Amino acid sequence: ENPMTVVVDNLPDSLVVLTADWGTIHKRSAHKYLWRADCNNIKSSVTFIVQEKHTGDILQLYTCRTKPILATMTLGMKLSRSIICGVGEFKAQGGIIMTVTNMEIDAQCDVEYFTVIHARGKGHDLVTLRNYGGRYNPKVGAEINKAKPGDVYYFTDVKYKCFCKPIFSNQLVTVRIK
């Protein structure tokens, strides 16, 4: 939600109309508006149009850049893309988190699914599992509990939803067990 204030000199608030070329605008009170992006029509900028109610005359156009909402995958509170941790610390994690990082807000996104790949020592095949939701399901949890020093886990292929439509990310978080 993006709050806005619009005041036009020599024109009462009742005669001011604010619209945008996309998204929705709601008038909250005198001079106060709230613009919300339309999740199905994200663009790199939005133009706000201030008009006179009766004549429809355009009084002012304002074009503003918009930022896409993107999130960063983390394992528990570890914010790095490459993590080295002990067996106990790794097993204590309950799943992955997608956190909005490029905005001035604190938000977590809903994880639809992700892939975890377990690379055990030499001579072992890779184990690849799909996990639905952000918390480990029983099958993935059992694979996490097999962690031993020298193992490597890769977390990737995340589908998540943040405020709007689902987003797919091929971010990679690598965890090396010490």
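Before going into details, it helps to say that this report is about the structure given with it. (Residues numbered from 1 in each chain as written. Predicted model: local features only at pLDDT ≥ 70, side-chain atom pairs only at ≥ 80, totals over all residues. Heavy atoms only, no water.)

## What about the side chain of Glu52?
With respect to the element layout, Glu52 can be found in strand E5 (residues 45–52). For the buried Glu52, no salt bridge exists, and the shortest N-O distance to an oppositely charged side chain is 9.0 Å, to Lys53. Those residues in contact with Glu52 that lie beyond four places of it in its chain are Leu11, Leu15, Asp57 and Leu59. (Helix = DSSP H or I, 4+ residues; strand = E, 2+ residues; numbered from the N terminus. Buried < 20%, exposed > 50% of the residue type's maximum accessible area, 1.4 Å probe, protein only. Lys, Arg positive; Asp, Glu negative; His and termini not counted. Salt bridge = Lys/Arg side-chain N within 4 Å of Asp/Glu carboxyl O. Contact = heavy atoms within 4.5 Å.)

## What to know about the sheet that holds E5
Read across the open sheet, the three strands follow the order E2-E5-E6; overall the sheet is antiparallel. Either end of the sheet is taken by a strand with one partner, and the two such strands are strand E2 (16–20) and strand E6 (58–65). Pairwise comparison of adjacent strand axes, ignoring direction, gives a mean angle of 20° for this sheet. Two elements, E2 and E5, share five bridges in a ladder whose sense is antiparallel. Its bridge partner being in E5, Val17 is matched across the sheet by Gln51. (Pairing = 2+ DSSP bridges. Axes fitted to C-alpha atoms, helices over the stretch in contact; angles between N-to-C directions.)

## Some words on the environment of Asn170
Within the fold, Asn170 resides in the loop between strand E13 (166–169) and strand E14 (173–177). Asn170 sits 13 residues away from Asp157 along the chain, and the two C-alpha atoms are 4.5 Å apart. Contact partners of Asn170, with chain neighbours within four places excluded, come to Thr156 and Asp157.

## Overview of the pattern of salt bridges
The tally for this structure, following the rule as stated, stands at three salt bridges. A salt bridge links Asp13 to Lys27; the nearest nitrogen and oxygen atoms lie 2.6 Å apart. Of this pair, Asp13 sits in the loop between strand E1 (2–5) and E2 while Lys27 sits in strand E3 (residues 24–29), and the two are 14 residues apart along the sequence. Ionic pairing is found between Glu112 and Lys159, a salt bridge with its closest N-O pair at 3.6 Å. You can see Glu112 sitting in strand E10 (residues 108–119) and its partner Lys159 sitting in strand E12 (residues 152–161), a full 47 residues away along the chain. Residue Glu112 is classed as partly exposed on the basis of its relative accessible area, which comes to 38%.

## Some words on the packing of aromatic side chains
Counted by the stated rule, this structure contains eight aromatic pairs. On the numbers, 5.7 Å between centres and 85° between planes, the contact of Trp35 with Phe48 is edge-to-face. Here Trp35 is found in strand E4 (residues 32–36), whereas its partner Phe48 is found in strand E5, with 13 residues between them in sequence. Judged on exposure class, the residue Trp35 and its partner Phe48 are both buried. Note on Tyr136 and Phe155: the rings are 6.5 Å apart at their centroids and 25° apart in plane angle, and the pair reads as stacked. Highlighted residues: Tyr136 in the loop between strand E11 (127–132) and helix H2 (138–144) and Phe155 in strand E12, separated in sequence by 19 residues. Each member of the pair Tyr136 and Phe155 is classed as buried. Aromatic rings pair up to connect Phe90, Phe114, Tyr136, Tyr153 and Phe155 into one cluster. (Phe/Tyr/Trp six-rings, centres within 6.5 Å; stacked < 30°, edge-to-face > 60°.)

## Considerations on the nonpolar core
Phe90, Tyr153, Phe155 and Val175 are the most contacted members of the largest nonpolar core, which totals 28 residues. Elements represented by at least two residues in this core include exactly strand E7 (71–75), strand E8 (82–85), strand E9 (96–100), E10, E11, H2, E12 and E14. When residues no more than four places from it in sequence are discounted, the contact partners of Phe90 are Leu75, Cys85, Ile144, Ala147, Tyr153, Phe155, Val175 and Ile177. Met4, Leu15, Val16 and Trp22 belong to the second largest nonpolar core, which has 12 residues in total. (Core = buried A, V, L, I, M, F, W, Y, C linked by side-chain atoms within 4.5 Å.)

## A short note on the side chain of Glu143
Tracing the sequence through the fold places Glu143 in helix H2. Among the polar contacts made by the side chain of Glu143, one reaches the side chain of His118 at a distance of 2.6 Å. Here Glu143 is in contact with His118, Val127, Leu129 and Tyr153, once residues within four sequence places are set aside. (Polar contact = N/O pair within 3.5 Å; in protein donor to acceptor, adjacent residues only side chain to side chain.)

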